[in-house]
Amino acid sequence: MKQLSLFAEGGVQLGERPATTPIPSPACGEVTSRMKPGGGRYRAATKVKVLSPERTSVVEAEAFHFVEGSIDPAADGEGGSTPPGSEAVARYQRDGVGTRLPVRRQTGEAQGVPQCRGVCGAKPIDGKAPQMMLWESDQPIVPKKSRKRDGGKGLAGMRWADGKTSSTHRGGQGVSTKLSVITQRAREDPRCKFTSLVHLLNEDFLRGCFRELKRDKAPGIDGVTVRVREYEAHLEENLRDLVGRMKGWRYRPQPARRVYIPKPKGGKRPLGIPAVEDKIVQMGIKKILEAIYECDFLDVSYGFRPNRSCHDALDVLDKAIMRGPVNFVVDMDIERFFDTVDHARLMECLGQRIKDRNLLRLIGRFLRAGIMEEGRYLETDRGTPQGGVLSPILANIYLHYALDLWFERKVKGRLRGFAQMVRYADDFIVCFQYRDEAEAFGKALRERLAEFGLRISEQKSRVIEFGRYPWQRAQRQDKRVATFDFLGFTHYCDKTRRGKFKLGRRTAKSRFSQKVKEMGKWLKSIRSTLKLEQWWKVLKWKLIGHYRYYGISGNMVRLRAFYKEIIRLAYKWINRRSQKRSYNWRQFSRYLVYNPLPKPRIYHLMYTLSSQGMHS
């Protein structure tokens, strides 16, 4: 398999074993001046960083053991032996020279490895002897555990000698603290690789994941929704059984149920709906992956990420075109992205940050779970089915290595002009200053995606002239500038009241007609099922939801047109509840006076200075 040419800065290529540095064993009996005997034992004053504040804590320990050699699980064969739910903490290792590795505690002179008591000699810093091999809160000393008081495991169950309470709280907050520590380590050390993560999928953590699942989503092949009384009534027993099966590796994800939804421009999009237990586990894995990879994702990515939305992507695109020297736009679409993701490549991408074989094995089981369509089981050797909780984060990780890093760190460095990419999931737009660079990017992108088993849809991909200067030339020649669609909006060149250039947006025709058809089908199905005053309230919320997404600066005309279409459809289906007409137009207009529907409103202002600016 061909090695990938570009990954995280300073990282290793896919398929390459991480480099490890043996740790020399110090001379036995060596103790620094900071060690003071007390009661037959040594008390060591060491700096321990707990969460963000740094404090000095005095910790008692019988001995400090330093072991030679690498303890990378992939190297000594112990990486896959830690079952889910074990007491192992989220450890990491760092590649390259000066690798910092966690210390394995041993009780004696095992296997001829020399051990000693005390602190290894190190080069003093500001007259103080620092600890070797450690990074922030990882100590070479073994703190006491209080199983009776804390009842926790791993990092959360440690009781420090200064009397401070541990980070374990009721309701699963201890796991949130661990995720925060993981995020902090991932942010501070881009080469950090986590070797033990799957133990976080315990009952408390999965209980919180269950609470976050949406209650009104379609069920999987088990026919169980989150609202079903049988599952939630026995939630503790179900979670205990689920965790037990995961620990014994008896848990197997069920095949996803295949359903199809219409596409805006025709055709159908396949979705895979997982079972309720699979949704819970996927939510837990999603949280762990987000804690690690959110620190790595670049600013060009906006899809399915915390505190980022479609409107943030549209705002950045607006500022890039309005402020930057954009003359060409590359509008490309990846053909059937979620159905063609290469599993082997995806696991290699995950391996850039995760060395926990158990977690990778669990993710692999989800990828190979298969699809159940019309009673037939279909194996899946490629793709991550849309509709699952885990698919969006896996897609972001895949495109982070396949597209984002490649563009930001390799493509932009070779350009002589301006370039800006904005990506939302598998939909992205790239702006360029020069035509030759835009066309060269299109060719290079096809080769790059081919390495990851992806293809560009030629029918939906093009390079168009777009921007301030193409619009000015078109004005002089009495021509029109081409348009492009992105995130449900048609982007076109418009002018202000003073005749200057501005980027215009309106609801795409395909999305507009799709939303009108969906609303008509809903009104037809609900008109005789519920009373008018009941479904009228739901109609109001549907309109508000439409305005909240499409209510963007410059789109008021399409919002008013949508409002008029809904009024017409409501009048039509109210009068078709029986053979007798309920209202004439005058009576219906009077009903609207006393029961008004929400009027169109702009929720997102784009023609203002943005705090985000451009990420060039």
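Residues numbered from 1 in each chain as written. Predicted model: local features only at pLDDT ≥ 70, side-chain atom pairs only at ≥ 80, totals over all residues. Heavy atoms only, no water.

**Quick look at the confidence of the model for the protein chain**
For step 1, the next point in the chain: Confidence along the protein chain averages 77 in pLDDT terms, with 69% of residues attaining 70 or more.
For step 2, the next point in the chain: Overall, residues 1–172 carries pLDDT values under 50, and its contacts beyond four positions in sequence, including any with other chains, amount to 307 contacts.
For step 3, the next point in the chain: Here residues 610–616 is a poorly scored stretch, pLDDT under 50, and it has 23 contacts once near neighbours within four places are set aside; other chains count. (pLDDT = per-residue confidence, 0-100. Contact = heavy atoms within 4.5 Å.)

**Details of helix α16 (residues 556–574)**
For step 1, the next point in the chain: Here α16 is 19 residues long and its end C-alpha atoms lie 27 Å apart, about the 27 Å a rise of 1.5 Å per residue gives.
For step 2, the next point in the chain: Considered for burial, the residues of α16 that qualify are Arg 558, Leu 559, Phe 562, Tyr 563, Ile 566, Ile 567, Leu 569, Ala 570, Tyr 571, Trp 573 and Ile 574.
For step 3, the next point in the chain: For α16, the secondary structure elements touched by its buried residues are β16 (501–507), α14 (509–526), α15 (532–550) and α17 (585–594). (Helix = DSSP H or I, 4+ residues; strand = E, 2+ residues; numbered from the N terminus. Expected span 1.5 Å × (residues − 1). Buried < 20%, exposed > 50% of the residue type's maximum accessible area, 1.4 Å probe, protein only.)

**Details of the nonpolar core**
For step 1, the next point in the chain: Membership of the largest hydrophobic core comes to 81 residues, with the highest contact counts inside it found for Ile 285 and Leu 289.
For step 2, the next point in the chain: With residues up to four places along the chain from it excluded, the contact list for Ile 285 reads Leu 201, Leu 359, Leu 362, Ile 363, Phe 366 and Leu 390.
For step 3, the next point in the chain: With 56 residues, the next largest nonpolar core counts Val 422, Ala 474, Leu 523 and Tyr 547 among its residues. (Core = buried A, V, L, I, M, F, W, Y, C linked by side-chain atoms within 4.5 Å.)

**Considering the sheet that holds strand β8 (residues 328–333)**
For step 1, the next point in the chain: Taken in spatial order, the four strands make up an open sheet running β11-β12-β8-β13, and their pairing is antiparallel. Strands at the two margins of the open sheet, each flanked by one partner only, are β11 (419–424) and β13 (462–465). In this sheet, adjacent strand axes meet at a mean angle of 20 degrees when their direction is disregarded.
For step 2, the next point in the chain: Where β8 meets strand β12 (residues 427–432), six bridges bridge the pair, whose relative direction is antiparallel. When the bridges of β12 are listed, Asp 333 appears paired with Asp 427. (Pairing = 2+ DSSP bridges. Axes fitted to C-alpha atoms, helices over the stretch in contact; angles between N-to-C directions.)

**Re the pattern of salt bridges**
Between side chains of opposite charge, a pair can form when the charged atoms approach closely.
For step 1, the next point in the chain: Under the defined criterion, the tally for this structure stands at 28 salt bridges.
For step 2, the next point in the chain: Between Lys 319 and Asp 318 there is a salt bridge whose closest N-O contact spans 3.1 Å. There is no split in this pair, since Lys 319 and Asp 318 are both buried.
For step 3, the next point in the chain: Between Arg 345 and Glu 348 there is a salt bridge, with its nearest N and O atoms 3.4 Å apart. Taken together, the residues span about one helical turn, with Arg 345 and Glu 348 both in helix α9 (residues 343–350) at a distance of three residues.
For step 4, the next point in the chain: Using a relative accessible area of 5% as the deciding quantity, one classes Arg 345 as buried.
For step 5, the next point in the chain: Relative accessible area serves as the criterion here: at 23%, Glu 348 is assigned to the partly exposed category.
For step 6, the next point in the chain: Several salt bridges share partner residues, and in doing so they unite Asp 315, Asp 318, Lys 319 and Arg 505 into one network. (Salt bridge = Lys/Arg side-chain N within 4 Å of Asp/Glu carboxyl O.)

**Side note on the side chain of Arg 527**
For step 1, the next point in the chain: Here Arg 527 shows up in the loop between α14 and α15.
For step 2, the next point in the chain: Once residues within four sequence positions are removed from consideration, Arg 527 is found in contact with Trp 535, Trp 573, Arg 576 and Arg 577.

**Observations concerning the environment of Pro 274**
For step 1, the next point in the chain: Mapped onto the fold, Pro 274 is located in the loop between β7 (268–273) and α6 (276–293).
For step 2, the next point in the chain: Take Pro 274: its relative accessible area is 5%, and that puts it in the buried class.
For step 3, the next point in the chain: Along the sequence, Pro 274 and Ile 221 sit 53 residues apart, while their C-alpha atoms lie 7.3 Å from each other.
For step 4, the next point in the chain: In this structure, Pro 274 is in contact with Pro 219, Gly 220, Ala 256, Lys 279, Gln 282, Gly 387 and Gly 388, ignoring residues within four places of it in sequence.

**Regarding the pairing of β16**
For step 1, the next point in the chain: Within β16, six of the seven residues are buried, leaving the element largely enclosed by the surrounding structure.
For step 2, the next point in the chain: Here strand β15 (residues 489–495) pairs with β16 via seven bridges, running antiparallel. Residue pairing for β16: Thr 490 is matched across the bridge by Arg 506.
For step 3, the next point in the chain: Where β15 hands over to β16, the hairpin turn is made up of five residues, of which Gly 499 adopts a positive phi near 85 degrees.

**A short note on the packing of helix α3 (residues 203–212) against α6**
The geometry of a pair of packed helices is captured by two quantities: the angle between their axes and the separation between those axes.
For step 1, the next point in the chain: In contact at an axis separation of 8 Å, α3 and α6 are set at 105 degrees when each is read in the N-to-C sense. Between α3 and α6, the angle falls in the class roughly perpendicular. Along its contact with α3, which presents Phe 205, Leu 206, Cys 209, Phe 210 and Glu 212, the element α6 presents Ile 280, Val 281, Met 283, Gly 284, Lys 287 and Ile 288. (Parallel < 35°, antiparallel > 145°, perpendicular 65-115°, else oblique.)

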